[in-house]
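Survey of secondary and tertiary structure
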Amino acid sequence: MRLEIPFTKYAWHSGTIAWLLHRVTGGALIFYLTLHVWVTHHLGKSPEEFDQMMKLLMHPAFRIGEIGLLAAIVYHSLNGMRVLLVDLGIGVRHQEKMFWWVIALSFVLCVLGGLELFPWYLLQNPIFKGLLP
Amino acid sequence: MKAILRVKRFDPEKDRKAYSQDYEIGVQEGTTILDGLLQVRGEQDGTLAFRRSCRSAICGSCAMMINKVAGLACYTQIQELRSQLITLEPLQGYSVIRDLVVDMEPFFAKLKAVMPYMVHKTPPSDREVPQSQEEHRLLAEAVTCILCGSCSASCPRYWHDENYLGPAALLKAYRFVLDSRDEAEEERLAIVNDPSGVFRCRKIFNCVEACPKKINPTEAITALSRKILTKKL
Ligand code: HEM
Ligand code: SF4
Ligand code: FES
């Protein structure tokens, strides 16, 4: 694959996309870990703060954000394994095929996990009336 | 058939900024980018600067950015690009001297840094040093490198880290480390096991896509990393 993206100086091959996604998801995971420590810190403070924090985490933005977290973890670990295999000298000449496997597997796992994690109750909200069967 | 070459031009004596200039050229089956450039220089604009020598993909002097990918002008046929508008720019990651001509000095300095020559410590025999077919097979791909610099020019790490040795120099180190006749493995591994060496590679594989000789520098880089790590264990 080879994409010429406007305003970039070099064409993107599948390896470029794999690397950019790896870096972005790696950064996102660092952000998540920091957030996680912050949350855990507040959970342990007092029963009131526990309840308040739990309420915040139940907010749809967090529930949907969790699906994003799943996507980041799944892609980063699968592509991390692709990079490790290459480092071990396994399949260096098949890295592009391995990238597409990473994408396909990530997609399947995210759909399966996403169906589990999605806050379906949101669809009971009046604004979705008529959209549901 | 016609095609447009959109060439990035810069003359430090006249221009304050680089600009693009379009040239229309005639294209037949087999016409290469280099043929197009020679056509332009011969018939339209004698001031256009670019490097070339062998025009048969062996001297390594005509590397440039062709439609945003580094490659050889003499080895890229216009029809295979499937576009009527072709952008030609100087190699990325090198400083521009004029138009498509870049300063290759830093590239060759990095090559020299990995000791790109055979080292003999034991007294030389008065005969040739033999090598078996299996021993040669390990080098067969790496020795075809023509030092065009396309791989290093394709590497984001190389653009952003002026100290990074880059795929071409690391491939050369690998070529000698794997050579059964060479006796400086330790020294060379120490050189590439440096903050600017093999462990800077981020496995982006642009070098593999760019190399006109279909060499796989990433394979060489990871093989060197494994040699360094297994030696330490
Ligand atoms: C299953 C778990 C994980 C695996 C297999 C994995 C694997 C890898 C590998 C192999 C690399 C090197 C990529 C390269 O050389 O280009 C890498 C880079 C990175 N990882 Fe992970 N990782 C994992 C979990 C994490 C976590 C939890 C975080 C965040 C806290 C993280 C953050 C990063 C970052 C920021 C980079 C640097 C990206 C870059 O240099 O482009 N990783 N990971
Ligand atoms: S490895 Fe390929 S791209 Fe790199 S310098 Fe050698 S011939 Fe050119
Ligand atoms: S002119 Fe020699 S490699 Fe292109």
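A brief look at the structure comes next. (Residues numbered from 1 in each chain as written. Chains lettered and ligands numbered in written order. Predicted model: local features only at pLDDT ≥ 70, side-chain atom pairs only at ≥ 80, totals over all residues. Heavy atoms only, no water.)

What follows is about the overall build of chain A. What chain A contains, in helices and strands, is 4 helices and 2 strands. Reading the helices (α) and strands (β) of chain A from amino to carboxyl end gives β-β-α-α-α-α. Taken over C-alpha atoms, the radius of gyration comes to 19 Å for chain A, far larger than the 14 Å a tight globule of 133 residues would show. Structurally, chain A occupies a C-alpha span of about 55 × 45 × 30 Å along its principal axes. Burial analysis of chain A (133 residues in total) assigns 29% to the buried set. Within chain A, residue pairs in contact and separated by at least 24 positions form 62% of the contacts whose partners lie at least 6 positions apart. Separation between the mean location of the 10 positive side-chain charges and that of the 8 negative ones in chain A comes to 10 Å. (Helix = DSSP H or I, 4+ residues; strand = E, 2+ residues; numbered from the N terminus. Rg over C-alpha atoms; globule rule 2.2 N^0.38 Å. Buried < 20%, exposed > 50% of the residue type's maximum accessible area, 1.4 Å probe, protein only. Contact = heavy atoms within 4.5 Å. Lys, Arg positive; Asp, Glu negative; His and termini not counted. Charge placed at Lys NZ, Arg CZ, Asp CG, Glu CD.)

Attention shifts here to the interface of chain A and chain B. Each partner contributes to the interface: chain A provides 24 residues, whereas chain B provides 24 residues. Regarding the contact of chain A and chain B, the summed buried area is about 2000 Å², with carbon and sulfur atoms giving 53% of it. When the buried area of chain A at its contact with chain B is split by residue, Y10(A), W19(A) and R93(A) rank highest and sum to 34% of it. Note that R93(A) and E219(B) form a salt bridge whose closest N and O atoms lie 2.6 Å from each other. Between the two partners, chain A and chain B, sit 10 residue pairs in polar contact (both at pLDDT 80 or more). When residues of the side of chain A that touches chain B are traced back to their parent elements, those giving at least two are α1 (14-43), α3 (60-87) and α4 (95-117) of chain A. Residues of the side of chain A that touches chain B, tallied by class, amount to 10 nonpolar, 6 polar and 8 charged. (Buried area = accessible area lost by both parts, 1.4 Å probe. Salt bridge = Lys/Arg side-chain N within 4 Å of Asp/Glu carboxyl O. Polar contact = N/O pair within 3.5 Å; in protein donor to acceptor, adjacent residues only side chain to side chain. Nonpolar A, V, L, I, M, F, W, Y, C, P; charged D, E, K, R; others polar.)

The next thing to look at is the coordination of the iron atom of ligand 1. Of all protein atoms, H76(A) (NE2) alone acts as a donor to the iron atom of ligand 1, lying 2.0 Å away. Position of H76(A) among the secondary structure elements: in helix α3. (Donors = N, O, S within 2.8 Å, 3.2 Å for Na, K, Ca; no water.)

So, about the packing of α3(A) against α4(A). Residue and element names in this part refer to chain A. In the contact formed by α3 and α4, the axes pass within 9 Å of each other and the chain directions differ by 155°. In terms of axis orientation, α3 runs roughly antiparallel to α4. For the pair α3 and α4, the sense of crossing is right-handed. Residues R63, E66, I67, L70, A71, V74, Y75, L78, N79, R82, L85 and V86 of α3 form the contact with α4, whose participating residues are Q95, M98, F99, V102, I103, L105, S106, L109, C110, G113, G114 and L117. Taken together, the residues of the contact of α3 with α4 sort by class into 16 nonpolar, 5 polar and 3 charged. (Axes fitted to C-alpha atoms, helices over the stretch in contact; angles between N-to-C directions. Parallel < 35°, antiparallel > 145°, perpendicular 65-115°, else oblique. Left-handed = near helix turned anticlockwise from the far one by under 90°.)

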